[in-house]
Amino acid sequence: MACETALKDLILADFGKRNSVNVASLTASEIRDVILGMEISAPSAQRQQMAEIEKSTDAAAQVTALQTKTTNIHGDEIQVVTTTQYETAAFSSKSDWRVRAISATNLALRVNHIFVGNDDVKDDAGSFTYVIPKNVLKTFIVNADLRTQVVAYLYGSSPADNRQVKEIKAVAWIPQRGNNNTIELPAALPKHDFLLKDLEPLGWIKTQSQELNHLSPADVTTQAKVMAVHPEWGPQSICVTCAFTPGSASLNAWELTVAGFEWGRKNQDVTGQHQGFTPSMTNRVQLLLSDRILGMTMVPEGGVWNYGVGLTQSWTEKMPYTMTLDKPEGFWAACHRPNAFLNFSAMEGDDAADVENSLE
C-alpha cells in the first residue's frame, strides 16, 4: 500500500513539475486521469481554449445583413435582405437534367423492340380496330423522355371498305407541361383548316415510366374531362399508353366505359386517393402497327411544345396556339430550355476565341 502511495505521489509530482501546476489544486477526476496516463493539458491551455470558443460564439452571434437589388422582367426593382448563409446559397436541383438528357438519346434504340398488348380485347360487332403508322410512332418515342410524361393528340379516319377500322393519319404535338405523374394540357384543341379538315379526333397517346394492366386514374380523369368539354371526342376516343420497359417500349390502347367517363368527369380528387375508381372502368381495344400507311406530325408554330423544363413560367392553360406541319423538336431541345444556353453568350476575357459565322 505504501508503495502505491509513493508511486502516485511520484507521478503527480512529475506532472506538476512539467506543467507548473500545484498538485493540491487538482480534482479527483484529474488525479485519476493523470495516474492512468491520459494526456491532461495545463489549466492555462484549457483557459485559452475556452476563451477561443467564447470568441467564436460571439462572432457567430453577430448577424450580418446582406441587401440584394434585382430587376424582374417587368422592370420592377426588388430588394431582398438576407441574414443567413442558406438564404444566399444558389439553388441546385436534385434531379440531374444532364443525365436525363443523355439517357433520352438512347430512346432511338427502343423503336426496334416495340410490343403491343392485345390480350383480353373484347371482340364484338361494335368494337373498333386502331392502326398506327410506325413512322409517327418512332418519331413520338424518339422525341419523348424516359420519366416526364409526353402527350400528343391522334387524328385519323376509316377506310372506305371497313368502317370498323380507324387509321391514324396525324399526330399533333400540343403545348404541354408534364411531370412524372401528371400532364397539363391546353383547354383548346388543335385546329387546321386544311390538314385536319377530313380527319376525326381519335384520342391521345402518352408516355409513362411503367406498364400497367389498366389505365391510370389520372389518365381516366384527363380523358373524361376532355370528352366532356369537347363533344367531337366521341365514345371511340382512346388513350394509347407507351410504357418504357427495360430496353423496349410497350403499347396498350384503352377506351373508357360509361362508368369510367362519369367517374372521371366528376372526379375532383387532387390527393391521389381516387376513391371509387376500379380497373374495370376501362377496356382494352385492339391496336395494330403498320408500315404500309404513313402518318404526319404537326407541331405548334415556332416548334415549342414542351413547357415542363425551362419554360414553366410561360405556361398557361388558356394559351392560344396554331398548328403547322413539321417535325417535332426533341424533349431536351435548345428551344425548350433557353436559360441553359445563356452562359454560352457570356464569354469574357481576352483569351476568348473569335467566333465567325460562315453563313454571313
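Since this is a predicted model, take the numbers as computed values, not measurements. (Residues numbered from 1 in each chain as written. Predicted model: local features only at pLDDT ≥ 70, side-chain atom pairs only at ≥ 80, totals over all residues. Heavy atoms only, no water.)

**A look at the pairing of strand β5 (residues 151-157)**
So, step 1. With seven of its seven residues buried, β5 lies for the most part within the structure.
So, step 2. Burial of β5 is two-sided: the residues V151, Y153, Y155 and S157 facing one way and the residues A152, L154 and G156 facing the other way are all buried.
So, step 3. In this sheet, strand β9 (residues 200-208) lies alongside β5 in antiparallel orientation, the contact comprising six bridges. In the strand pairing of β9, L154 is matched with G203.
So, step 4. In terms of strand pairing, β5 meets strand β6 (residues 165-172) through five bridges, oriented antiparallel. Paired with Y153 across the two strands is A172, which belongs to β6. (Buried < 20%, exposed > 50% of the residue type's maximum accessible area, 1.4 Å probe, protein only. Helix = DSSP H or I, 4+ residues; strand = E, 2+ residues; numbered from the N terminus. Pairing = 2+ DSSP bridges.)

**Re the packing of helix α1 (residues 2-19) against helix α2 (residues 28-35)**
So, step 1. The geometry of α1 relative to α2 is characterised by a closest axis approach of 10 Å and an angle of 100° between their N-to-C directions. As judged from the angle between their axes, α1 and α2 are roughly perpendicular. The segment α1 lies against α2, with K8, I11, L12 and F15 engaging I31, V34 and I35.
So, step 2. Looking at the contact of α1 with α2, its residues break down into six nonpolar, no polar and one charged. (Axes fitted to C-alpha atoms, helices over the stretch in contact; angles between N-to-C directions. Parallel < 35°, antiparallel > 145°, perpendicular 65-115°, else oblique. Contact = heavy atoms within 4.5 Å. Nonpolar A, V, L, I, M, F, W, Y, C, P; charged D, E, K, R; others polar.)

**Some words on the packing of aromatic side chains**
Within a pair of aromatic rings, the relevant descriptors are the distance that separates the centres and the angle that separates the planes.
So, step 1. Enumeration according to the criterion identifies eight aromatic pairs in this entry.
So, step 2. A network of ring pairs unites the aromatic residues F140, W173, W305, F331 and W332 as a single cluster. (Phe/Tyr/Trp six-rings, centres within 6.5 Å; stacked < 30°, edge-to-face > 60°.)

**Some points on the environment of Q273**
So, step 1. Residue placement: Q273 occurs in the loop between α8 (258-266) and β12 (282-290).
So, step 2. Judged by relative accessible area, which is 57%, Q273 ranks as exposed.

**Considerations on helix α5 (residues 97-104)**
So, step 1. Within α5, the full set of buried residues consists of R100, A101 and A104. The arc that holds every buried residue of α5, seen down its axis, measures 100°, which confines them to one face. In α5, the exposed positions angled more than 90 degrees off the buried face are occupied by R98 and I102.
So, step 2. In this structure, the buried side of α5 is in contact with α6 (134-142). (Arc of directions from axis to C-beta.)

**Observations regarding the environment of T312**
So, step 1. Along the chain, T312 turns up in the loop between β13 (296-300) and β14 (323-325).
So, step 2. Put simply, T312 and R177 are 135 residues apart on the chain and 7.2 Å apart in space, counted from C-alpha to C-alpha.

**What about the side chain of S127?**
So, step 1. Position of S127 among the secondary structure elements: in the loop between β3 (114-116) and β4 (129-133).
So, step 2. Setting aside residues up to four positions removed in sequence, S127 forms contacts with K122 and Q164.

**Overview of the packing of helix α7 (residues 217-229) against α8**
So, step 1. It is the contact of α7 with α8, at a shortest axis distance of 7 Å, that shows an interaxial angle of 90°. Comparing the axis directions of α7 and α8 gives the class roughly perpendicular. Each of P217, V220, T221, A224, K225, M227 and A228 in α7 lies in contact with α8, whose residues at this interface are G260, F261, W263, G264 and R265.
So, step 2. Tallied by class, residues from the contact of α7 with α8 come to seven nonpolar, three polar and two charged.

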